[in-house]
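The lines below spell out each chain.
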Amino acid sequence: MVGRRIRHILKSKEMILVLISIVIIIIFRLVNPNFLSVGSLSGIMQAMSLTGIIAVGIGTLLIGGSIDLSASSVCLFGGVLCALLIRANVPWGLAMVITLIAGFVIGVINAFLITKVKMMPFIATIAVSNVLSGINLAVTNAQNVPIPVESFWWGGKLVFGIFPVPFIIMTLLMIVYAFILNKTQFGRNVYLVGGNMTAARLAGVNPKKIHTILYINSSVLAAFAGIVLASRMQSAAPQSQSDSQLNALTAAILGGIAFTGGAGGMAGCFIGVMLFSFFNSGLNSLALDAYWSLIASGCLLIIALTVDYFNELSREKNLKVKKPASAAKKEGA
Amino acid sequence: MKKRSFSRIISQNRIIVMILLLLAELVVFSLLSTPNRSVAEVFSGESIFIKPKNLRNIINALPLSVFLTTGVALLMISGRLDLSTGANGTLCSMLTAFFLREGVPLIPTLLIVMVVGAFIGFINAALVNELRVAPFIGTLATSSLATGFTYLIANKKTIDLTNPILKAYGKEVVLGFFPVSALVAIIIMIIAGIVLHKTHLGRKIYLVGGNPQASMLSGINPRKVSYMLFTLCGLFSAFAGITFVARQQSANMQGISAARFQGITAAVLGGISFGGGSGGMAGAFVGLLILNTFSNGLTVIGFSPFLQNIAQGLLLIFALTLDYFQKEQSQKILK
Amino acid sequence: MSKYLEFSGISKAFPGVQALDNISFRAESGRVLALLGENGAGKSTLLKILSGDISPDSGSIIINGKTQVFTSPHQAIQAGVSVIYQERQIVPALSVIENIFCGDLPKTRFGMIDKRTLRRKTEEILKVFGLPIDPDEPVGRLPVAYQQMVEVMKAYRRNSDIICFDEPTAPLTDSEINVLFDIINQLKKEGKIIIYVSHRLAEIFKVTDDIVVLKDGKLVKTFKTSETNQQELIRAMVGRDVGDTYKNLKRNDKIGDVLLEVKDLCTDVLDHVSFTLRRGEVLGLAGLVGAGRTEVARAIFGADRITSGEIIFDGKKVHFKEPKDAIKAGIALCPEDRKDQGLVLFRSIRENTTMPILKKISKWIFINRQEERKVTEEAVTKFTIRTPSINKLVRELSGGNQQKVILGRWTNSLIQTKLLILDEPTKGIDVGTKAEIYQMVCDFARAGLSVIFISSELPEVINVADRIIVMHNGKITGSVLREDATEENVLSLAMLE
């Protein structure tokens, strides 16, 4: 039994990704021995955490067959809102709760636009993203919002001297979500809805309900990521140079979560995030401009989509009928 | 019952509704921009909005919008989408300033930049047609790439424009107020409109957008159309970028990336549906005017630029809701 | 009380056609009942009513003595009905275990999924059916036959008393078919009620116990499989009075030289198809759904890839890579699905008619509106398309007029069509327009065109065509001249191996 499990893990796609990660580390290490030294490790883990927390939300939604492009803005919004509340003398615990509730509301709005008004998911979430980014800039006047409350700065602290708090949080989240996705009826229903909506309906599962929950989940997690980021940076920024949700999306797809839904999991997501962050940091360590990471992200996304395309082909090799319903859900025509 | 007739009114008279909307905007902003919000003041010339100087501002913003909207409108009619126009244009503006500063003569610079813009469009087409990537995610990926390269060249700085001819192009006016660049842009939009409505190429765009299968079985090649339009959209983004740097007289890292949703919003406002196969260039132009008037009006009555972002986001949602009503109406007829 | 399924007085009408008319019969447990009939006989409508997809206009379904009313497919499943359609209802990336138990996973005390029980139960089911499938394998990677088995096991797991199969053997090899039959026998032993919809008479005689024959929505007769034979079944399925519909057709009597030669054509569906077609000849292509007729049309038209074989058109060997090449050579196709593949619904009649001749109505790159109007009006008049204007959107036309627009597209003065392929041209069209179309087909032949007329309606095919080729399972099974064709002998060719 155990032997079969181990064999299964070794054969899996996730293992290939782990191997690729190791190869990348080795290559970068050869070029620059400083790469992945103990000193830079915590920096990498911090970067991973931000992408990772958002990836949990977006990844779960992807598995369910839909997409959320508002996560970046929600993340920034979460940081900004939390910062402003704290500056208004709200105790930071309460400020966090209020921010998460705000994320909840945004998720409800997204879900409403998509399930009730039947807008295409990508355009609805992009529109919401625009509005939110405008709000972010407006209330902060495009300035960073410093947070002068020391007890809130847990985001920058290290556990056991090496692991940043956000990293622990991300890992815990992934474990919890892996559990939910693998071991609960709800989690398996998410796979159903993303894999074959008709089969899901026939089994009595309501796709709209699942999607609503997933959108709320995605926004709450994005807001939480914003809180974590603000805690670590000790201030909240209303805009950022890198597109955190595109990174999260790339990481998720790299990690084996199919773009059309119904496949992938948290383990792959974790490894995808790891791969992505190593690659990014590797480029940084080569003393290339930070801007190369944008280029790299774009390339990585294209590579991820290519791999996903071939995976899709092999997944559906024997299926005579393709899945028009779930693919059309996200397609921008 | 009420909802159905509302849908019908909108869908059957889309252009008229849009023109009315435009006029309503003009009226509302004229009123709001007077000291006391009174009609009398509008007529006595105290409305800032209606003043010639302000109207000129609106016209000045046209060239960029026109270039960004035309390419996207054509793509949307054929059933596709491009979200990389802003990043593409920004990269092109940066490249233009860069090459000119390095001493490359004007004509080769422009040619190189146009090729780059078109090439990015070509990559979009390849992603969508060969890898079957959904257009929105594929173009977001190229958008990332383009932005990255922009930052790379700019290195956090702005690059000033050195070439006098391009500077002149940016500043020259015709008839005392109409910028030459706006004229060029509008002429190109008119040409695109003519091609769309009067040539067999344009007809193919509508047919492919309406039903790619049926088009293929009638001898039309949807893939060729797709490649052509994506590349063209990329080229137009390059034009937008060149125009931007000419008018700004310098290139910066933000560039026109904020404007990337303008094209889509204008197109959807103007009646071009995401599903493809419907709408027209005239509608896109009206949509564009509505959008520009909207931004301008908000500035005049004192909205901060950030509030404007919010307002534009809401406007996009509004446009999509209109689109929803139109689709709902047509579904009813089909049943 | 023994279990049974009863249909009582089921009727269902769609606009223009009575799909089912007072159907009543009973299926007993532990027996396999075959539902036999031509296309359009009402089999799929009956299945859809049983599976809760649509509701009958009148009549009721009685399961084990209780009358059932289904407003959704989910309710039908709750009531114990499972239908295994040709479209796989599986999630390809999930394992066999997950697909079998989808939506209904056994839970532990804490609400978590009980993986051990899941696996045990799955292995039990696999053992009952003797299937060598790895329970952890993602279903998408299994061969098609096993994917189907997974669906059967899903039905079994749900304790469905009633299991229906809709053309299950179409994608299966011979050995896989035997596995399927073993499973069906196992289900019989467990007392399930099995409904088996198929065209393949050989299989029906191998695995079913009772047969219900439907024709044009009515129940013709019920048989016990052991007490009947193929001829009797075929005779029950056909036999209609066609009246004068075809008597007055003005046909073409000048048939010319050979225009098209198809030699050993193979695609992934077709198996060495060969035939010839002469100028002015109307060739009918008969067969049941899935026989491969549309695939022949698409292969000739360049829309599908040819793996081997030769096509000689107008004296030259041709190899069309895309429809555009075929169109240039003079071949035209009116596709089977008018709305999805034939028309751009939101554009006008004018635009739909001129789709293949855009360059011909243009001066340089500009479309010549006058030429366009002339050609369209020519088509509208010639085919009496009832419309106030050529700018009317095609989706507002009736089915018959829509088909005429497509015909007009391919047979106007600006396009030199030599071979016209019509795939189910009268589907969903009223009787009056059908007659018009029959005459049009004959008129095309009289003008020297060759026509390939594909239809699932037997009376139509055997009365309009000069010669009829019958297909079954990707192969040509026979050829009959119109004078010798009867519904019975054509249907035999369409159904026998």
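Q: Explain the overall build of chain C residue by residue, including any values.
A: Of the regular secondary structure elements, chain C holds 17 helices and 22 strands. A compact globule built from 497 residues would reach a C-alpha radius of gyration of about 23 Å, and chain C, at 25 Å, matches this within 12%. In chain C, of all internal contacts separated by at least 6 residues, the share reaching a separation of at least 24 is 68%.

Q: A description of the overall build of chain A should follow, citing residues and the corresponding values.
A: If you tally the helices and strands in chain A, you get 14 helices and 4 strands. Out of the 333 residues belonging to chain A, those deemed buried represent 58%.

Q: Please set out the interface of chain C and chain B residue by residue, giving values where relevant.
A: How big an interface is tends to be stated in terms of the accessible area lost upon association of its parts. Every contact between the two is made by 23 residues of chain C and, on the other side, 21 residues of chain B. Of all the elements in the fold, those that place two or more residues in the side of chain C that touches chain B are α10 (323–329), α11 (338–342) and β18 (366–367) of chain C. Split into classes, the residues belonging to the side of chain C that touches chain B amount to 14 nonpolar, 3 polar and 6 charged.

Q: If you had to explain the interface of chain A and chain B to someone new, which residues and values would you point to?
A: With 34 residues of chain A at the contact, the number on the chain B side is 38 residues. When residues of the side of chain A that touches chain B are traced back to their parent elements, those giving at least two are α6 (121–140) and α13 (292–315) of chain A. Top element by residues in the side of chain A that touches chain B is α13(A). It accounts for 11 residues. Of the residues belonging to the side of chain A that touches chain B, the class tally is 22 nonpolar, 7 polar and 5 charged.

Q: How would you summarise the confidence of the model for chain A if you had to cite specific residues and measurements?
A: This prediction gives chain A a mean pLDDT of 84; 87% of its residues lie at or above 70. For the stretch residues 320–333 of chain A, pLDDT sits under 50, and the model shows 38 contacts to residues farther than four places along the chain or on other chains.

Q: Which residues make up the nonpolar core, and what are the values?
A: Core analysis: the largest hydrophobic core is formed by 355 residues, its most contacted members being A:I54, C:I421, C:V451 and C:F453. Residue contacts for C:I421: discarding those within four places in its chain leaves C:A297, C:I300, C:F301, C:A332, C:L333, C:C334 and C:I452.

Q: So what's going on with unusual backbone geometry? Which residues, and what values?
A: Of note, the phi angle at A:N141 is positive, near 55°, even though the residue is not glycine. Position of A:N141 among the secondary structure elements: in the loop between α6 and β1 (145–146). A tally of 10 C-beta atoms within 10 Å means that A:N141 is categorised as exposed. With phi around 60°, C:W364 is a residue other than glycine that occupies positive phi space.

Q: Let's hear about the pairing of strand β13 (residues 282–287) of chain C: which residues, and what values?
A: All names here are of chain C. Extensive coverage of β13 is indicated by the burial of 6 of its 6 residues. Alternating positions in β13 separate into two faces, V282, G284 and A286 on one and L283, L285 and G287 on the other, with burial throughout. Here β13 pairs with strand β20 (residues 450–454) via 4 bridges, running parallel. Paired with L285 across the strands is I454, a residue of β20. Bridge count for β13 against strand β21 (residues 467–472) is 5 bridges, and the pairing is parallel. Note on β21: the bridge partner recorded for G287 is M471.

Q: Help me get a handle on the packing of helix α4 (residues 52–60) of chain B against helix α15 (residues 281–300) of chain B, residues and values and all.
A: Residues and elements named next belong to chain B. Running from N to C, α4 and α15 point in directions that differ by 135°, and their axes come no closer than 9 Å. Between α4 and α15, the angle falls in the class oblique. Judged by the sense of rotation from one axis to the other, the crossing of α4 with α15 is right-handed. In this structure, α4 uses N54, N57 and I58 to contact α15, whose residues at the interface are N292, T293, N296 and V300. Residues belonging to the contact of α4 with α15 are distributed by class as follows: 2 nonpolar, 5 polar and no charged.

Q: Explain the environment of B:L201 to me, using residue names and the numbers behind them.
A: With respect to the helices, strands and loops of the structure, B:L201 is situated in helix α11 (residues 200–210). Spatially, the C-alpha atoms of B:L201 and B:A126 are 20 Å apart, while their sequence positions differ by 75 residues.

Q: So what's going on with the sheet that holds strand β2 (residues 17–28) of chain C? Residues and values would help.
A: Residues and elements named next belong to chain C. In spatial order, the strands read β2-β1-β4-β5; together these 4 strands make up an open sheet with antiparallel pairing. The sheet is open, and its two edges are formed by β2 and β5 (66–68), each paired on a single side. Neighbouring strand axes in the sheet, compared pairwise and without regard to direction, differ in orientation by 25° on average. Examined bridge by bridge, strand β1 (residues 4–14) and strand β4 (residues 58–63) share 5 bridges and lie antiparallel to one another. Each bridged residue has a counterpart across the sheet, and for L5 the counterpart in β4 is I63.

Q: Hey, could you go over the confidence of the model for chain C for me, with residue numbers and the actual values?
A: All names here are of chain C. Summary statistics for chain C give a mean pLDDT of 89 and a share of 100% for residues scoring 70 or more. When pLDDT is averaged over each helix and strand of chain C, the minimum, 86, is found for helix α8 (residues 230–237) and the maximum, 96, for strand β19 (residues 419–423). With a pTM of 0.87, the predicted complex shows an ipTM of 0.85.

Q: Talk me through the packing of helix α5 (residues 62–77) of chain B against helix α14 (residues 260–269) of chain B; I want residue IDs and the actual numbers.
A: The angle between the axes and the distance between the axes are what describe a pair of packed helices. All names here are of chain B. Closest axis-to-axis distance for the α5/α14 pair is 8 Å, and the angle between their directions is 60°. Here α5 lies oblique to α14, going by the angle between them. Here the hand of the crossing between α5 and α14 comes out right-handed. Residues S65, L68, T69, V72, A73 and M76 of α5 pack against Q262, G263, I264, A266 and A267 of α14. For the contact of α5 with α14, the per-class residue count stands at 7 nonpolar, 4 polar and no charged.

Q: Talk me through the sheet that holds strand β12 (residues 273–278) of chain C; I want residue IDs and the actual numbers.
A: Residues and elements named next belong to chain C. Taken together, 4 strands build an open sheet; the order of strands is β12-β11-β14-β15 and the sheet is antiparallel. Two strands close off the open sheet at either side, each with one partner strand: β12 and β15 (316–318). Across the sheet, the mean angle from the axis of one strand to that of its neighbour is 20°, orientation sign disregarded.

Q: Provide a residue-level description of helix α15 (residues 431–446) of chain C, including the pertinent values.
A: Residues and elements named next belong to chain C. Between its terminal C-alpha atoms α15 stretches 23 Å, which fits the 22 Å expected from 16 residues at 1.5 Å a residue. Elements that come into contact with the buried residues of α15 comprise β13, α14 (399–410), β19, β20 and α16 (458–464). Following α15 by one or two positions, G448 adopts a phi angle in the positive range, close to 100°.

Q: Break down the environment of C:A326 for me, with residues and values.
A: All names here are of chain C. Topologically, A326 is positioned in helix α10. You can call A326 buried: it has 25 C-beta atoms within 10 Å. Sequence separation of A326 and R386 is 60 residues, and the distance between their C-alpha atoms is 30 Å.

Q: Give a description of helix α9 (residues 293–301) of chain C that names residues and reports values.
A: All names here are of chain C. For α9, the tally of buried residues reaches 9 of 9 residues, placing the bulk of the element in the interior. Regarding α9, the residues found buried are R293, T294, E295, V296, A297, R298, A299, I300 and F301. Downstream of α9 by a residue or two, G302 has a phi angle that is positive, lying close to 85°.

Cut-offs used in this document
- Residues numbered from 1 in each chain as written.
- Chains lettered and ligands numbered in written order.
- Predicted model: local features only at pLDDT ≥ 70, side-chain atom pairs only at ≥ 80, totals over all residues.
- Helix = DSSP H or I, 4+ residues; strand = E, 2+ residues; numbered from the N terminus.
- Rg over C-alpha atoms; globule rule 2.2 N^0.38 Å.
- Contact = placed C-beta atoms within 7 Å.
- Buried ≥ 20, exposed ≤ 12 C-beta atoms within 10 Å, placed from the backbone.
- Nonpolar A, V, L, I, M, F, W, Y, C, P; charged D, E, K, R; others polar.
- pLDDT = per-residue confidence, 0-100.
- Core = buried A, V, L, I, M, F, W, Y, C linked by C-beta atoms within 7 Å.
- Pairing = 2+ DSSP bridges.
- Axes fitted to C-alpha atoms, helices over the stretch in contact; angles between N-to-C directions.
- Parallel < 35°, antiparallel > 145°, perpendicular 65-115°, else oblique.
- Left-handed = near helix turned anticlockwise from the far one by under 90°.
- Expected span 1.5 Å × (residues − 1).

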